[in-house]
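Survey of secondary and tertiary structure
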Amino acid sequence: MQGTVDGFRYGAVTPLAAYLMACLGGALGLRCIVRSLLNGESWKPGWLALGAASIGCGIWTMHFIAMIGFQVEEARIRYDVGLTVLSLAVAIVVVGAGVFIVGYLGAGKGALTCAGVITGLGVAAMHYLGMAALRLDGSIRYDALTVGLSVVIAIVAATAALWAAVTVRGFLTSLGASLVMGIAVSGMHYTGMAAVSVHLHGTTDASWAGDSPSSLLLPMLLGPIVFLVLAGVVVMFDPLLVLGEGGRSPSGTAPRTRPANGGSGQRPGRDHEFGPTANTPRPNRESYARKW
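So, how was this worked out
- Residues numbered from 1 in each chain as written.
- Predicted model: local features only at pLDDT ≥ 70, side-chain atom pairs only at ≥ 80, totals over all residues.
- Heavy atoms only, no water.
- pLDDT = per-residue confidence, 0-100.
- Helix = DSSP H or I, 4+ residues; strand = E, 2+ residues; numbered from the N terminus.
- Contact = heavy atoms within 4.5 Å.
- Core = buried A, V, L, I, M, F, W, Y, C linked by side-chain atoms within 4.5 Å.
- Buried < 20%, exposed > 50% of the residue type's maximum accessible area, 1.4 Å probe, protein only.
- Axes fitted to C-alpha atoms, helices over the stretch in contact; angles between N-to-C directions.
- Parallel < 35°, antiparallel > 145°, perpendicular 65-115°, else oblique.
- Left-handed = near helix turned anticlockwise from the far one by under 90°.
- Patch = residues over 30% accessible without salt bridge, like charges linked within 9 Å, V, L, I, M, F, W, Y side chains within 5 Å.
- Areas by Shrake-Rupley, 256 points an atom, 1.4 Å probe, with all protein chains shown as cover.
- Salt bridge = Lys/Arg side-chain N within 4 Å of Asp/Glu carboxyl O.
- UniProt positions renumbered as here; feature names shortened; annotations may be inferred.
- 1 Å grid on protein atoms, 1.4 Å probe; cavity = no way out; pocket = protein on both sides within 12 Å on 5 of 7 lines; lining within 4 Å.
- Points joined across faces, edges and corners; volume = space filled by probe spheres on them.
- Phe/Tyr/Trp six-rings, centres within 6.5 Å; stacked < 30°, edge-to-face > 60°.
- Lys NZ or Arg CZ within 6 Å of the ring centre and 35° of its normal.

**Comments concerning the confidence of the model for the chain**
Residues at a pLDDT of 70 or more form 75% of the chain, whose mean pLDDT is 77. Taking the mean pLDDT of every element in the chain, the minimum, 48, falls on helix 9 (residues 285-291) and the maximum, 91, on helix 2 (residues 44-68). Here residues 205-210 is a poorly scored stretch, pLDDT under 50, and it has 10 contacts once near neighbours within four places are set aside; other chains count. Below pLDDT 50 for its whole length, residues 244-280 participates in 23 contacts with residues either more than four positions away or in separate chains.

**Here we look at the nonpolar core**
In this structure, M67, F70, V72, Y79 and L134 are the most contacted members of the largest nonpolar core, which totals 64 residues. Within the residue set of this core, elements represented by two or more residues are helix 1 (13-38), helix 2, helix 3 (81-105), helix 4 (109-132), helix 5 (144-167), helix 6 (171-194), strand 6 (196-200) and helix 7 (213-236). Examining the composition of this core, we find that 14 residues originate from one element, helix 2, more than from any other.

**Some details on the packing of helix 5 against helix 6**
Running from N to C, helix 5 and helix 6 cross one another at 165 degrees; their axes reach a closest spacing of 8 Å. When the axes of helix 5 and helix 6 are compared, the pair comes out roughly antiparallel. Here helix 5 runs over helix 6; the crossing is left-handed. Within the contact between the two elements, helix 5 uses T146, L149, S150, I153, A154, A157, A161 and A164 and helix 6 uses A177, M181, A184, G187, M188, T191, G192 and A194.

**Notes on a nonpolar patch on the surface**
On the surface, F171, L172, L175 and L179 cluster together into a nonpolar patch covering about 410 Å² of accessible area. Take L172: it is sitting in helix 6. Taking relative accessible area as the criterion, L172 reaches 68% and is therefore assigned exposed.

**Concerning the UniProt feature "transmembrane region" (unreviewed entry) in the chain**
As recorded in UniProt, the sites labelled "transmembrane region" (unreviewed entry) are residues 16-34, 46-70, 82-105, 112-133, 145-166, 178-200 and 220-243. Across residues 145-166, helical content stands at 100% and strand content at 0%; the span's end C-alpha atoms are separated by 32 Å.

**Considering empty space enclosed by the protein**
All chains considered together, the criterion is met by 2 cavities of 30 Å³ or more. Quantified by volume, the largest cavity comes out at close to 130 Å³. If you go around the largest cavity, you meet 15 residues; those closest to its centre are I59, V123, A157, A158 and M181. Going through the elements one at a time, helix 2, helix 4, helix 5 and helix 6 are the ones with two or more residues in the lining of the largest cavity. The biggest single contributor to the lining of the largest cavity is helix 5, with 6 residues.

**A closer look at the packing of aromatic side chains**
All chains considered together, the criterion is met by 5 aromatic pairs. With centroids separated by 5.4 Å and ring planes inclined at 10 degrees, the aromatic side chains of F8 and Y190 adopt a geometry described as stacked. You can see F8 sitting in the loop between strand 1 (5-6) and helix 1 and its partner Y190 sitting in helix 6, a full 182 residues away along the chain. The class for F8 is partly exposed, based on a relative accessible area of 46%. Residues Y128 and Y142 carry aromatic rings whose centres are separated by 5.5 Å and whose planes lie at 80 degrees to one another, so their mutual orientation is edge-to-face. Taken together, the residues span a long stretch of sequence, with Y128 in helix 4 and Y142 in strand 5 (residues 138-142) at a distance of 14 residues. Exposure remark for Y142: the relative accessible area of 34% places this residue in the partly exposed category. Chaining the aromatic ring pairs together yields one cluster made of W60, F64 and Y79. Lying across the ring of Y104, K44 places its NZ or CZ 4.7 Å from the centre.

Structural data, given as structure tokens:
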């Protein structure tokens, strides 16, 4: 028996929330990668790892928030815990591979292509591994052409995101890039979901292992969301990330501040080369008269 698949059980709530999480993860990841490139004295592996984890958590969170709105009307849906956690690890690791490639090798054609393909295939693997964690009294089938299209979208989206990570510097430009990245990741997800069809086994009293969406997904989503919030705090309180290139001098050092005496940078009490300073009293005629 063919099941009735509905990916929008709660209307626009889950797609919108999923899109916002993808944008948040993308924005934080891009700014962390920019941070590693702006200052050569910073701990580059740490910032790249934080960026990769932010993007990976954003993609994974986007997927499973969207899956809260997925249902098969004739069957209950549950999830396997191990595969669900594994899909999160895959998302972070493969995004990390792409981020470290472009972070150290730059946005050259070869490096960017390699990193984009690896990351795109990894994002697609995360998506379909998350789908493999789904348990219901039936079998899930996929349309091969639509699956291929979703993989292509994932590779293009990953390549564009990595290119933006190493070329975009301004805060507003990075924000725009993260919005486009959110659209691409959401588009990949819903293209992949369009390939899904469910064939039910026809039994109504069967039981199977796994956890329901409400008991598994919501608690598991809490961890990555808290991580993204903490990463946002790190980004928000880092002045170099907020100011971008304008907060540093061309040599990479902090910009010079004006002297504490508030003026031209001269030493206190010294005369200007063109005459006495404003604080030096000028002698008058009466003082000369008394002296002589």
